[in-house]
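Inside the fold
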Amino acid sequence: MSYFPVTSSQLTSSSLSASTAINASGLRIALLGYRSHPHVGGQGIYLHYLSKALVELGHNVDVISGPPYPELDSRINLIKLPSLDLYAVENPTRALRFKHLFSVADFYEWWSKLTGGFGEPYCFGRRLVSYFKTHKPQYDIVHDNQSLCYGLLELQKRGENIIATVHHPITRDREIALQAATTKGHRWLIKRWYSFLEMQEKVVRQLDHIITVSKTSQQDIAEAFNRPAQKISVIANGIDTEIFQPLPHIKRKPWQIITTASSDQPLKGLSVLLNALASLRADLPQLHLLVIGKLKPDGSTEKELHNLQLADCVEFKTGISTEELVAAYAESKMAVVPSLYEGFGLPAGEALACGIPLVCSDGGALPEVVGDAALLVKAGDLDELAQAIRHLLTSEDACEALSLAGRLHSLQHLSWQVVGEHLSEYYRQTIAAKRNA
């Protein structure tokens, strides 16, 4: 399995040879995230580890982010672009103040939230352009992490060298959410919330440089956003294999399964896992599921737990540290990634690095990520998932083989150092292509 960059048609062979002469030392890089805390999604995890990998390769890195802000290495400069952060406000209706009426970004963010939309990416773009106009920072590369806001196009027109990572097209999330909707009103709310996709589609088509993290996502982005696949470069996500590693001093709980999944997000396949668990408990009542994620009160997952009579054997944990997550992997018998679709699948990579036997669906890019180091099952097939879980519960040889294969695979293919080196070369290629244009 190779994760070397797939060079877009804009990066010629002459630019490849010229890139090494442009800057053999560190580059000045700005990484962008409209919300970047590692406990609110994979985007924050990506920024945390990518920024650290780039600094360790000798680059000068700033992270420009809206709240909730990222956790960063001390060598990285955080530039905060405050928003109303309405998802952290108890009563968003009353969050607007008189001063906010003089800011298009503030008012739009508030109005979008109250009408069921998601305006954070658009508003981040407006604040980003304002920051560049006011402070005039000098960067070799400005690398966006899936905000895909109109502000990127404006900065590109102003001469900034813009690159954007699209982890996967959010159109897939919308499709699966619409399939799970049971009423017209619910469908309308879903379409309203995902209305920011119109902006993202336009931005993806018009940016000079787009990166994604798997060949699966490359094809999906090409189809969803009408951008030729050959103009989308593939550079994988990475895993911190020094932090995510086996902890042999921690004894495994023989009946504990661990998964990372946000409840009430059908794309993550938690419902499939819960139904598989319910079928297994008939003759394996000792089973316990640890979910790294938040249970939404009165949500569909909580109702399903009660309907399946699983409330006493499923535990949710949220807001834990990375060290606590690694320890949770170490004490569990196996990890399960039941996603219906993943553009990459960081939880799968992290489980492999921790040396825990992994059962993984074949949704999206997951087979690319895990290779032969996990037990693959058909996405959405609860019977196949239950059979795979049962197999690992009853075969120590299979568990040991997967444990060793997973750790080795992570070291060879998923190290952030390797990913950072690939991105560094890609950055220099884009700079060379621009100067030679």
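Before any of the text, the structure's been laid out above.
First things first, this report covers the structure right here in the doc.

Calculation rules
Each chain carries its own residue numbering, running from 1 in the direction its sequence is written. Only residues with pLDDT of at least 70 are given local features in this predicted model, and only at 80 or more are side-chain atom pairs given and counted; all residues enter the totals for whole chains, interfaces and linings. As a rule here, side-chain values come from all non-hydrogen atoms in the structure, and water together with hydrogens is ignored. Strands are runs of DSSP state E lasting at least 2 residues, helices are runs of H or I lasting at least 4, and numbering of each runs from the N terminus. Remark: exposure states derive from per-residue accessible area (1.4 Å probe, protein chains only) relative to the maximum for the residue type, with buried under 20%, exposed over 50%, and partly exposed in between. Should any heavy atoms of two residues lie within 4.5 Å, those residues are considered in contact. Accessible areas in this description were obtained via Shrake-Rupley with a 1.4 Å probe; residue shielding takes into account the shown protein chains only. Positive charges come from Lys and Arg, negative ones from Asp and Glu, while His and the chain ends are left out of the count. Where a charge lies is defined by one atom per residue type, namely NZ (Lys), CZ (Arg), CG (Asp) and CD (Glu). Each aromatic pair joins two rings of Phe, Tyr and Trp (for Trp, the six-membered one) with centres within 6.5 Å, and gets the label stacked for planes under 30 degrees apart, edge-to-face for over 60, and tilted for any other angle. Two distance rules govern patches: like charges are joined within 9 Å, and nonpolar side chains (Val, Leu, Ile, Met, Phe, Trp, Tyr) within 5 Å, applied only to residues with over 30% relative accessible area and no salt bridge. In what follows, salt bridge is the name for a side-chain nitrogen of Lys or Arg lying within 4 Å of a carboxyl oxygen of Asp or Glu. Taking the helix axis as origin, the arc is that swept by the directions to the C-beta atoms. One requirement defines pairing of two strands: DSSP has to find at least two bridges between them. Here the term right-handed applies to a crossover when the path leading from its first strand over the helix to its second strand runs clockwise, the strands being oriented away from the viewer. Two N or O atoms form a polar contact when they lie within 3.5 Å of each other; inside protein one atom must be a possible hydrogen donor and the other a possible acceptor, and for residues adjacent in sequence the pair counts only when both atoms belong to side chains. Angles here are taken between N-to-C directions and fall from 0 to 180 degrees, while the axes themselves are lines fitted to C-alpha atoms, restricted in helices to the stretch in contact. Every angle not falling under 35 degrees, over 145, or within 65 to 115 is termed oblique; those three ranges are roughly parallel, roughly antiparallel and roughly perpendicular. It is the rotation of the near helix from the far one that decides the hand of a crossing: anticlockwise by less than a right angle makes it left-handed, clockwise makes it right-handed. Residues are sorted three ways: Asp, Glu, Lys and Arg are charged, Ala, Val, Leu, Ile, Met, Phe, Trp, Tyr, Cys and Pro are nonpolar, and all the rest, Gly among them, are polar. To qualify as a nonpolar core, a set must consist of buried Ala, Val, Leu, Ile, Met, Phe, Trp, Tyr and Cys residues joined through side-chain atoms within 4.5 Å.

Overview of the overall build of the protein
Each helix and strand counted, the protein has 17 helices and 13 strands in total. Each principal axis of the C-alpha atoms in the protein carries an extent, and together these give about 65 × 50 × 40 Å. Buried positions account for 55% of the 437 residues belonging to the protein. Within the protein, contacts between residues separated by at least 24 positions form 69% of all contacts whose residues are at least 6 apart in sequence. Surface accessibility of the protein: about 19200 Å² in total, with carbon and sulfur atoms responsible for 51%. Looking at charge distribution, the protein has the averaged site of its 42 positive side-chain charges lying 8 Å from that of its 45 negative ones.

Here's the deal with the packing of aromatic side chains
On inspection of all chains with the given rule, the structure shows 15 aromatic pairs. Plain terms: the ring middles of Phe118 and Phe196 are 5.6 Å apart, the flat faces sit at 70 degrees to each other, and that makes the pair edge-to-face. Placement of the pair is Phe118 in the loop between helix 3 (104–114) and helix 4 (120–135) and Phe196 in the loop between helix 7 (184–193) and helix 8 (197–206), with a sequence separation of 78 residues. Here Phe118 and Phe196 have matching classes, each one buried. Through successive ring pairs, a cluster of aromatic residues spans Tyr34, Tyr87, Phe118, Trp193, Tyr194 and Phe196.

Topic: a nonpolar patch on the surface
Side chains of Phe98, Leu101, Phe102, Val104, Phe107, Tyr108 and Trp111 sit close together on the surface and give an oily, nonpolar patch of about 760 Å² of accessible area. The residue Trp111 is located in helix 3 in this model.

Quick word on helix 3
Among the residues of helix 3, Ala105, Asp106, Glu109, Trp110 and Ser112 are the ones counted as buried. Summarising the axial view, the buried residues of helix 3 lie within an arc of 165 degrees, below the 170-degree limit, and thus occupy one face. In this structure, the buried residues of helix 3 make contact with helix 4 and helix 7. Remark: Gly116 follows helix 3 within two positions and exhibits a positive phi of approximately 85 degrees.

Points about the pairing of strand 9 (residues 288–292)
Of all five residues that make up strand 9, four are buried, and the element is covered over most of its length. One ladder, built from five bridges, connects strand 8 (residues 253–260) with strand 9; its direction is parallel. Bridge pairing links Ile258 to Leu290 in strand 9. Since strand 9 and strand 10 (residues 314–317) lie parallel, the crossover through helix 11 (residues 300–307) that links them has a hand, and here it is right-handed.

Examining the side chain of Ser415
Examined against the element boundaries, Ser415 turns out to sit in the loop between helix 16 (396–413) and helix 17 (416–436). Among the polar contacts listed, one links the side chain of Ser415 to the backbone nitrogen of Gln417, at a separation of 3.1 Å. Aside from chain neighbours lying at most four places away, what touches Ser415 is Ile239 and Ser410.

Digging into the pattern of salt bridges
Should their charged atoms come close, side chains of opposite charge can pair. Applying the stated criterion to the full structure yields 16 salt bridges. Where Asp85 meets Arg35, a salt bridge forms, and the shortest distance between an N and an O atom there is 3.7 Å. Separated by 50 residues along the polypeptide, Asp85 in the loop between strand 3 (77–80) and helix 3 and Arg35 in the loop between strand 1 (28–33) and helix 2 (42–56) bring together distant segments of the chain. For Asp85, a relative accessible area of 18% puts it in the buried group. On the accessibility criterion, Arg35 (16% relative accessible area) is buried. Salt bridges sharing partners connect three or more residues here, namely Arg35, Asp85 and Glu120.

Looking at the packing of helix 10 (residues 270–280) against helix 15 (residues 382–394)
In helix packing, the relevant descriptors are the interaxial angle and the interaxial distance, both defined with respect to the helix axes. The N-to-C vectors of helix 10 and helix 15 enclose an angle of 60 degrees; their axes lie 9 Å apart at closest approach. Put simply, helix 10 runs oblique to helix 15. Handedness of the crossing formed by helix 10 with helix 15: right-handed. Between helix 10 and helix 15, the contacting residues are Val272, Leu273, Asn275, Ala276, Ser279 and Leu280 on the first element and Leu382, Leu385, Ala386, Ile389 and Arg390 on the second. For the contact of helix 10 with helix 15, the per-class residue count stands at eight nonpolar, two polar and one charged.

As for the nonpolar core
Residues Leu31, Leu358 and Tyr427 are the most contacted members of the largest nonpolar core, which totals 53 residues. Broken down by element, this core gets its largest block of residues, seven residues, from helix 2. Leave out the neighbours within four places in its chain, and Tyr427 touches Leu27, Ile29, Leu31, Leu50, Leu54, Ile141, His143 and Ile163. Ala30, Val129, Leu153 and Ile232 belong to the second largest nonpolar core, which has 40 residues in total.

As for the packing of helix 15 against helix 16
Relative to each other, helix 15 and helix 16 sit at 100 degrees, their axes nearing to 5 Å. Viewed along their axes, helix 15 and helix 16 adopt a mutual orientation that is roughly perpendicular. For the pair formed by helix 15 and helix 16, the contact residues are His391, Leu392 and Thr394 on the first element and Glu396, Ala398, Cys399 and Leu402 on the second. Looking at the contact of helix 15 with helix 16 residue by residue, the class counts come to four nonpolar, two polar and one charged.

On their own, these measurements won't tell you what the molecule is for.
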